[in-house]
Amino acid sequence: MRAHGTIIVTLLIGWLAMLAAHAQSYPTRPVTLTHGFAAGGNGDVVSRIVGDALSKRFGQPVVVEPRPGAGGNTASQRLATSAPDGYTLITLTGGHSVSAAIYKQLPFDPVESFQFISTYGYQAFIVAVRADSPIKTMADLIAAAKANPGRLTYSSVGVGSTQHLAGELLCAMAGIKMTHVPYRGGGGPMSDLLGGSIDLNVDTITVIEPQLRAGKVTALGVTSAKKWWSLPDVGPIAAAVPGYDVQTWLGLAAPKGTPAEIVAKLNADARAALADSDTKEKLNKIGLDVHSSTPDEMKTMVAEQIAKWRKVVTETQIPKQ
């Protein structure tokens, strides 16, 4: 009996040693970093900045793979069913929390199907119109929308995205009606705004700020409760719509079941990458307030964001999908 117990202990020690050695050598081949939006959009830009920083720490390439669709859920579903070996990761955004609130059913559990690694940080959105639009202020927008309910159109990067809910919440809180036009992310919404196909763009600083600097669009406001630190000349929407406050987050996750040793390495490397001055500067330039976290802190934040958006959807009676 004692010999049998000795064999079990020996096997257990060997198994733990194998896991530790695997974690120390990880990664030994390229790592895929997917996200749920089209190339050129905010999720793609941030993923490429973070992926480049991670590849330097890994000593292996990090291949960024856009998988747009369903407000980011196409990529999330694929990640949730991928092998939990650390070689397929995902950049999640605030849309992950919003989808959990606005969709009646998802093909994955937005919290328990994922191993959260670390947040990258937080961003506000900008609500913008073409520079030649007769709408110059948020007060103008509200007046025009009330005069012609449903006539004005606004874009998002997909049904169930944070941009979608930002627009719906604005309509609910301002007492107006606008028509939502969903895209798959990338440069499509801005191209159509500048081309005159849509009236309003609700998108990230990454997408809108370059056109703002070029004089091609007018910013009606930022979605944060107060002025955003990187846009001191743009006032908050809350000045015209009291209580309005929408921000998004971005972060790194892996499939549920990823070994603890790999999770610990990913977290350490992600936090070191985000603390790197060059990486931080690149992210700051697109309005990201860089803030890393522990896996548990990110999981708690995601759960809290889901609860927040479910309450918003219920209280504003935004239709579920």
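Structure first, text after, so check above.
Residues numbered from 1 in each chain as written. Predicted model: local features only at pLDDT ≥ 70, side-chain atom pairs only at ≥ 80, totals over all residues. Heavy atoms only, no water.

**Student:** If you had to explain the overall build of the protein chain to someone new, which residues and values would you point to?
**Tutor:** Counting its regular elements, the protein chain contains 11 helices and 10 strands. Rg of the C-alpha trace for the protein chain: 22 Å, near the compact-globule value of 20 Å for 321 residues, within the 12% margin. Judged by the C-alpha coordinates and their principal axes, the protein chain covers about 85 × 40 × 30 Å. Sequence separation of 24 or more characterises 78% of the internal contacts of the protein chain that already satisfy a separation of 6 or more. (Helix = DSSP H or I, 4+ residues; strand = E, 2+ residues; numbered from the N terminus. Rg over C-alpha atoms; globule rule 2.2 N^0.38 Å. Contact = heavy atoms within 4.5 Å.)

**Student:** Give me the lowdown on the packing of aromatic side chains, citing residues and values where you can.
**Tutor:** Under the definition given, this model contains four aromatic pairs. A centroid spacing of 5.6 Å and a plane angle of 90 degrees characterise the contact between Phe108 and Phe114, whose relative ring orientation is edge-to-face. The residues Phe108 and Phe114 share a single accessibility class, namely buried. Each residue in the set Tyr26, Phe58 and Tyr87 is aromatic and connected to the rest through ring pairs, giving one cluster. Over the ring of Tyr87 we find Arg29; its NZ or CZ atom is 3.7 Å from the centre of that ring. (Phe/Tyr/Trp six-rings, centres within 6.5 Å; stacked < 30°, edge-to-face > 60°. Buried < 20%, exposed > 50% of the residue type's maximum accessible area, 1.4 Å probe, protein only. Lys NZ or Arg CZ within 6 Å of the ring centre and 35° of its normal.)

**Student:** Tell me about the nonpolar core, residues and numbers included.
**Tutor:** By size, the foremost hydrophobic cluster in this structure holds 49 residues, and its most contacted members are Leu141, Leu170 and Met178. At seven residues, the largest contribution of residues to this core is made by helix H11 (residues 295-316). Among all residues touching Leu141, those that are not within four sequence positions of it are Ile135, Leu152, Leu170, Met178, Leu200 and Leu220. In this structure, Val50, Ala53, Leu250 and Leu252 belong to the second largest nonpolar core, which totals 27 residues. (Core = buried A, V, L, I, M, F, W, Y, C linked by side-chain atoms within 4.5 Å.)

**Student:** Now, about the pairing of strand S7 (residues 200-204): what can you tell me, with residues and values included?
**Tutor:** When you tally the buried positions in S7, you get five out of five residues, the bulk of the element. Sheet analysis places strand S4 (residues 114-130) next to S7, joined by four bridges and oriented antiparallel. Residue Ala128 lies in a different strand from S7, and its bridge partner there is Asn201. Pairing of strand S5 (residues 153-156) with S7 involves two bridges; the strand directions are parallel. Bridging across to S7, Ser155 finds its partner in Asn201. (Pairing = 2+ DSSP bridges.)

**Student:** Quick one: what's the story with the pattern of salt bridges, residue by residue and with numbers?
**Tutor:** Under the counting rule described, the total for this entry stands at 14 salt bridges. A salt bridge links Lys256 to Glu112; its shortest N-O distance comes to 3.7 Å. Here Lys256, found in the loop between strand S9 (247-255) and helix H9 (260-275), pairs with Glu112, found in the loop between helix H4 (94-102) and S4; they are 144 residues apart in sequence, far enough to count as distant. A salt bridge links Lys265 to Asp269; the nearest nitrogen and oxygen atoms lie 3.0 Å apart. You can see Lys265 and its partner Asp269 sitting in helix H9, four residues apart, about one turn around the helix. For Lys265, a relative accessible area of 22% puts it in the partly exposed group. The class for Asp269 is buried, based on a relative accessible area of 8%. (Salt bridge = Lys/Arg side-chain N within 4 Å of Asp/Glu carboxyl O.)

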